[in-house]
Amino acid sequence: MIFPATISFVGSILVFIILCAGIQKERRRGRRFFATSLRNWLDEKIDKLGRWVIMSWDHFVKYIVQLNWYYSIHSVLKGILRVIVKFYTYFENVFEVNRSRTKQLRAEKRQLSKMNHLRQMAEHKEDVALSPAQKQKLRKKKLEEKH
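These figures come from a predicted structure and were not determined experimentally.

Caption draft 1: Spatial organisation of the environment of Lys 48. Counting through the fold element by element, Lys 48 comes out in helix α2 (residues 36–128). For Lys 48, a relative accessible area of 42% translates into the label partly exposed. The sequence separation of Lys 48 and Asn 98 amounts to 50 residues, and the corresponding C-alpha distance is 73 Å.

Laid out in C-alpha cells, this is it:
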C-alpha cells in the first residue's frame, strides 16, 4: 500500500519539475513548443472562468456579505435602542411617582403650615389675653376717658 503511493508521489514530483522546466524554456523563447492551439484554447477558457469567479466573488462580497454586515449592525443598534427605551421608561415612571409624591408632600406642608400659623395665632392670643380683672379695669378706664 505504501509502495504504490510512494511511486505516485515521486512520479508527480518528476512531472511537475519537467513541466516547470518546459514552461521556463518557453518563456525564454517567447513561444510554445507543443499543443499551441489547445493550450491557447485552454488559456482562454481558464481566463473566462477566472473572470467569472472574480466577478461572482465581487458580487458576493459587495452585496451579500456587506448586506449581512449592515443587517447585523442594524440588529445591534436596534437592541441598544430597545435597552435605552426600557431605561427611559423606567426612569420616566420613577420621575412620575416622585413628582406626584412631591406634590402630595407640598400640599401637606401647606396645610400644616396654615394650621400651624393659625395655631400660633391662637396661642399668641391666649398668651396676651387679659385676665378678667384686667379686662374690668381696662373697661373702666376707657369709660372714664370717654366722659
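Caption draft 2: Layout of unusual backbone geometry. With a phi angle near 50°, Ala 35 is a residue other than glycine that sits in the positive phi range. Examined against the element boundaries, Ala 35 turns out to sit in the loop between α1 (2–29) and α2.

Caption draft 3: Fine view of α1. Spanning 28 residues, α1 covers 41 Å between terminal C-alpha atoms, matching the ideal 40 Å at 1.5 Å per step. After α1 finishes, the residue Gly 30 shows a positive phi value of roughly 85°.

Caption draft 4: Inspection of a positive patch on the surface at higher detail. On the surface, Lys 25, Arg 28, Arg 29 and Arg 31 cluster together to form a positively charged patch. As for its position among the elements, Arg 31 is in the loop between α1 and α2.

The rules behind each value
- Residues numbered from 1 in each chain as written.
- Predicted model: local features only at pLDDT ≥ 70, side-chain atom pairs only at ≥ 80, totals over all residues.
- Heavy atoms only, no water.
- Helix = DSSP H or I, 4+ residues; strand = E, 2+ residues; numbered from the N terminus.
- Buried < 20%, exposed > 50% of the residue type's maximum accessible area, 1.4 Å probe, protein only.
- Expected span 1.5 Å × (residues − 1).
- Patch = residues over 30% accessible without salt bridge, like charges linked within 9 Å, V, L, I, M, F, W, Y side chains within 5 Å.
- Areas by Shrake-Rupley, 256 points an atom, 1.4 Å probe, with all protein chains shown as cover.
- Salt bridge = Lys/Arg side-chain N within 4 Å of Asp/Glu carboxyl O.
- Lys, Arg positive; Asp, Glu negative; His and termini not counted.
- Charge placed at Lys NZ, Arg CZ, Asp CG, Glu CD.

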